[in-house]
Amino acid sequence: MSDTAAAKPVLDKPKSIILGVLGLVVIVIIFVRVIPQIGSYDDALTSLKDMSAGALACIVVAVVVYLAAYGLPFMAATPGLRYWRSQQLNQAAFAISNGIPAGGAFGLGVQYAMLASYGIEPTASTAAITAVGVWSIFVTLGLPILGVVAIQLSGQTATSYVWPGVLGLVVLAVAIVGFALIVRSESAARHIGSAGDRIVAPFARRFAKGRTVDLVPAALEFRSNIAGLVTRRWSVLTGAQLSVSVTQFLIFYVALRGVEGWGSAGTSLLVAFGSFAVAQIGLMIPITPGGLGTVDATMIALLTALGVDSGAATAADLVWRAASFVPQIIIGVIALITWSRRGARALAEREAARRERTGGAST
């Protein structure tokens, strides 16, 4: 069996359907029941109608900048991968993961296939996909910490929302230390895998019908896949992931200032960033794609708690959500269709060349 085939995940259809329905129910509850209690759709609609052409133009520019940044992570994680291919890969994966219920596993398989069609070896593909995923988690956990700091620097108080930052700090610290130890040595990877076995074992016996769990091989495989790449390119990976988050915040900020009116004093940059950053902890709740609903409710609640008009907060969130999701879904579908026409042919040509080199032997 080839490495590519071995890495390809199996999609559990019943589980995907159940998770998809659950996610849809959660989204409906949040947008129909929760958000109207902390924001106002009527006021939001009024704010949107009053938005100037200049404000709309600023939002369009911010979206373009964000979409441009979205092509950077895989280029950073895959030496030799051209920007437009990185852009095509990431946008297609976004469309699948966020447009299909529980589409993460399917999106992962498409990422492997696309990288293979670009001529990237399976080991390099695994390292790139793993690194992009890990760095995305690190940034997601780090943002609430920066958000709490920004709110404190703004002079505002939101004590009840400090805990997401504290939680993010603790989890991030543990994750970074564990990650660094795994990358540093094989012995540390074995020890961490064994420690994970002891933690997970009671839950596995209870919820997995008595099946045992062995995390040591997983830790060793993780280390072998990612150690070299991270050692060489950690700074580039960090910069690429941060650029995605910063430009996404840019969309939200220009949307918020647009509905408030650029001529007014409006919400400070620190309050806006603090609210946006703390709300990203909702991305760690994997019920809905892209934190849809969970992030929105948290962000609106925090903005209103910090003195932002509820209508403006709701309108800004809706504009940010639409502007950062809808164009990407459309571009991702186009990227997927474009690749599918050429990718299958490229994969067939590479397989034919491989068979020719190996004398027609199968693996």
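Now for a look at the structure at hand. Computed from a predicted structure; not experimentally measured.

1. Considerations on the overall build of the protein
- Counting secondary structure elements, the protein contains 14 helices and 0 strands.
- Overall, the protein shows an N-to-C arrangement of helices and strands of α-α-α-α-α-α-α-α-α-α-α-α-α-α.
- Per-residue burial for the protein yields a buried fraction of 45% across its 363 residues.
- When contacts within the protein are restricted to residue pairs at least 6 apart in sequence, those whose partners lie at least 24 apart make up 73%.

2. Here we look at the packing of aromatic side chains
- According to the stated counting rule, one finds 11 aromatic pairs in the structure shown.
- A ring pair is formed by Tyr83 and Trp84, whose centres lie 5.1 Å apart and whose planes are at 75 degrees; its orientation type is edge-to-face.
- Exposure remark for Tyr83: the relative accessible area of 22% places this residue in the partly exposed category.
- The class of Trp84 is exposed, set by a relative accessible area of 67%.
- Aromatic pair Phe249 and Phe273: ring centres 5.3 Å apart, planes at 85 degrees, arrangement edge-to-face.

3. Examining the packing of helix H8 (residues 122-153) against helix H12 (residues 269-279)
- Taken N-terminus to C-terminus, the directions of H8 and H12 make an angle of 150 degrees; their axes are 7 Å apart at the nearest point. In terms of axis orientation, H8 runs roughly antiparallel to H12. Classified by chirality, the crossing of H12 by H8 is left-handed. Across the interface between the two elements, Leu143, Pro144, Leu146, Gly147, Val148, Ala150, Ile151 and Leu153 from H8 touch Leu270, Phe273, Gly274, Ser275, Ala277 and Val278 from H12.
- A breakdown of the residues in the contact of H8 with H12 according to their chemical character gives 11 nonpolar, 3 polar and no charged.

4. Thoughts on the pattern of salt bridges
- Across all of its chains, the model carries 2 salt bridges by this definition.
- Arg257 is paired through a salt bridge with Glu260; the nearest N and O atoms lie 3.1 Å apart. A residue pair is termed a helical-turn pair when its members lie 3 or 4 positions apart in one helix, as Arg257 and Glu260 do in helix H11 (residues 216-260) at 3 residues.
- A relative accessible area of 5% places Arg257 in the buried class.
- Between Arg321 and Asp296 there is a salt bridge; the shortest N-O distance is 2.7 Å.

5. Structural notes on the nonpolar core
- If you look at the biggest cluster of nonpolar residues, it comprises 34 residues, and the most contacted ones within it are Ile59, Phe252 and Leu256.
- Broken down by secondary-structure element, the contributors of at least two residues to this core are helix H4 (53-69), H11, H12, helix H13 (294-305) and helix H14 (310-357).
- It is H11 that provides the largest number of residues to this core, a total of 9 residues.
- Core analysis: the second largest hydrophobic core is formed by 28 residues, Val110, Tyr112, Leu115 and Val134 among them.

6. A short note on the packing of H12 against H13
- Remark: H12 packs on H13, axes separated minimally by 8 Å, with the N-to-C direction vectors making an angle of 145 degrees. Of the two elements, H12 crosses H13, and the hand of that crossing is right-handed. The segment H12 lies against H13, with Val271, Gly274, Ser275, Phe276, Val278 and Ala279 engaging Val295, Thr298, Met299, Leu302 and Leu303.
- Considering only residue class, the contact of H12 with H13 consists of 8 nonpolar, 3 polar and no charged.

7. A closer look at a nonpolar patch on the surface
- A cluster of nonpolar side chains, contributed by Val61, Val65 and Leu250, occupies part of the molecular surface with about 220 Å² of accessible area.
- Along the polypeptide, Leu250 turns up in helix H11.
- Its relative accessible area of 33% is what places Leu250 among the partly exposed residues.

8. Details of H12
- Extensive coverage of H12 is indicated by the burial of 8 of its 11 residues.
- Among the residues of H12, those classed as buried are Val271, Ala272, Gly274, Ser275, Phe276, Ala277, Val278 and Ala279.

9. Topic: the environment of Val65
- Looking at the element boundaries, Val65 is found in helix H4.
- Residue Val65 is classed as partly exposed on the basis of its relative accessible area, which comes to 36%.
- Taking C-alpha positions, Val65 is 8.8 Å from Gln248, a pair spaced 183 residues apart along the chain.

Rules and cut-offs
Residues numbered from 1 in each chain as written. Predicted model: local features only at pLDDT ≥ 70, side-chain atom pairs only at ≥ 80, totals over all residues. Heavy atoms only, no water. Helix = DSSP H or I, 4+ residues; strand = E, 2+ residues; numbered from the N terminus. Buried < 20%, exposed > 50% of the residue type's maximum accessible area, 1.4 Å probe, protein only. Contact = heavy atoms within 4.5 Å. Phe/Tyr/Trp six-rings, centres within 6.5 Å; stacked < 30°, edge-to-face > 60°. Axes fitted to C-alpha atoms, helices over the stretch in contact; angles between N-to-C directions. Parallel < 35°, antiparallel > 145°, perpendicular 65-115°, else oblique. Left-handed = near helix turned anticlockwise from the far one by under 90°. Nonpolar A, V, L, I, M, F, W, Y, C, P; charged D, E, K, R; others polar. Salt bridge = Lys/Arg side-chain N within 4 Å of Asp/Glu carboxyl O. Core = buried A, V, L, I, M, F, W, Y, C linked by side-chain atoms within 4.5 Å. Patch = residues over 30% accessible without salt bridge, like charges linked within 9 Å, V, L, I, M, F, W, Y side chains within 5 Å. Areas by Shrake-Rupley, 256 points an atom, 1.4 Å probe, with all protein chains shown as cover.

Honestly, that's just the spatial picture; any functional story needs more than this.
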